[in-house]
Every structure is written in C-alpha cells, then in structure tokens.
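Here is what each chain is made of, one letter per residue.
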Amino acid sequence: AKDFLLRLEYLTENGIVNDIVLDFQNHTLRGNGDGTGIFAENVNLTIMNARIENFENGLVFRGPPRDDGISYLYDLYISTFTVVNNKNNGVQISGARIHCPAPALPPAENRPCIQAENNEGNGILIENTKCPLIGTLMGLQCIIVNIMVRNNRNSGLVIEQSSGISVSDITSDPNENGVVIK
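Fair warning: this is a prediction, and the values are worked out from it, not measured in the lab. (Residues numbered from 1 in each chain as written. Predicted model: local features only at pLDDT ≥ 70, side-chain atom pairs only at ≥ 80, totals over all residues. Heavy atoms only, no water.)

Trainee: Is there a simple way to think about the nonpolar core in this case?
Mentor: Generally speaking, nonpolar side chains in soluble globular proteins are found buried as a group. Counting residues in each nonpolar core, the largest one holds 37 residues, and the members touching the most others are Ile47, Phe61, Phe81, Ile114, Ile124 and Ile126. Contacts of Phe61, omitting those with residues within four sequence positions, involve Ala40, Val43, Leu45, Tyr74, Asp75, Leu76, Gln92, Ile93, Ser94 and Ala96. (Core = buried A, V, L, I, M, F, W, Y, C linked by side-chain atoms within 4.5 Å. Buried < 20%, exposed > 50% of the residue type's maximum accessible area, 1.4 Å probe, protein only. Contact = heavy atoms within 4.5 Å.)

Trainee: When you look at the confidence of the model for the chain in this model, what are you seeing that I'm missing?
Mentor: Note: predicted coordinates in regions of low pLDDT should not be interpreted at a detailed level. Considering every residue of the chain, the mean pLDDT works out to 81; 75% of them sit at 70 or more. Across residues 135-139, where pLDDT falls below 50, the model places three contacts with residues more than four positions away in sequence or in other chains. (pLDDT = per-residue confidence, 0-100.)

Trainee: Explain a nonpolar patch on the surface here, please?
Mentor: Nonpolar side chains collect at one region of the surface, where Ile170, Val179 and Ile181 lie side by side and expose about 270 Å² of accessible area between them. Mapped onto the elements, Ile181 comes out in strand β14 (residues 177-181). Residue classification places Ile181 among the exposed positions, given a relative accessible area of 67%. (Patch = residues over 30% accessible without salt bridge, like charges linked within 9 Å, V, L, I, M, F, W, Y side chains within 5 Å. Areas by Shrake-Rupley, 256 points an atom, 1.4 Å probe, with all protein chains shown as cover. Salt bridge = Lys/Arg side-chain N within 4 Å of Asp/Glu carboxyl O. Helix = DSSP H or I, 4+ residues; strand = E, 2+ residues; numbered from the N terminus.)

Trainee: Explain the environment of Arg150 here, please?
Mentor: Position of Arg150 among the secondary structure elements: in strand β11 (residues 142-150). Along the sequence, Arg150 and Glu176 sit 26 residues apart, while their C-alpha atoms lie 9.7 Å from each other. Setting aside residues no more than four positions away along its own chain, Arg150 makes contact with Gln115, Ala116, Glu117, Asn118, Asp173 and Asn175. One polar contact links Arg150 to Glu117, side chain to side chain, over a distance of 2.9 Å. (Polar contact = N/O pair within 3.5 Å; in protein donor to acceptor, adjacent residues only side chain to side chain.)

And the structure:
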C-alpha cells in the first residue's frame, strides 16, 4: 500500500487532463517522516507558495513513460516551493515538462523557485525527462531558474537520463555532491 498525504491523479473519460493549482499561501504541509507529501501523476500541476517537510519524499511528480523522447503530455509549474527534512528526496520529477518559475506567475522577490534543504537523499532529482529543443535556448520546454540546494545528504541536484533541460542560478551549499548530471 502506498502512503500519500495528497495524491493527485485525474484523467477524464475522454482523456483530457485538467489543470490542478495548489497555492499553499505560505502554509506548511508537515508529515511524520513517512509517505509522500504530494504525489502527482498524469496531471498538469501548478504548485506555489508551499513548504513541505518531514515525509519520506516531499513531492513526487510523474508523467507517463515515453520512448520517443519527443514531448511529454504533462507540465509541472513551480514557484516559491520549499522542501526540507525529508527522509529521501525533497523533489522527484520523472517524465514531465518542468517550468520553474512558472511563466504566468510573478517571481517571488529574493526567494528561490525551489529551495531544498536537509533532505536525507537528494534535494532535487530529475530523471527520465527528455524535453525537446525548439530553435533557441528561449525555446526550451524545461527551464529551471533560481534554485537553492543546501545540506542534502546525497546531492543537491541530480539530472539523470534526461535531456533538453536548462538550469541556471543554482546556489549549492554543503551537499555530499553539488550538481550531478548522469
């Protein structure tokens, strides 16, 4: 049995995915050290102004597996999101387009898009995500700007078996490894 505090999985009968917006309004989702804070699969998700702490994994976001590497059907939009003190990964993303910060949301002044601290595993793990390149750098479909990864036991940021992801403005303090690309 899987243990999730909040599970988001929605597909209508005709296969159209609805968008889900979670604005925590600067509140905290706090666990007891087990399960996953937010598990989202096969949905478009916007998450903002949130702090998730003390779970096995803070946020797990999964799109369906794709072999063609062309595009993914689901988007994850993030703005002002903090994950701390989780037993495994703070954020784990697989098979989705990532937008951080979310283009339609105003940037938070002097706050990182994602802040991952004191997680026992990786601060942020992105795996099996192949974003298509469209013309120039501005055409990238997976963009992550302004993240802070500190004091995570393994790595601050891991990008594994993925391509077409642009990452900039990383602050990485003492993690076992800062940024790992495999």
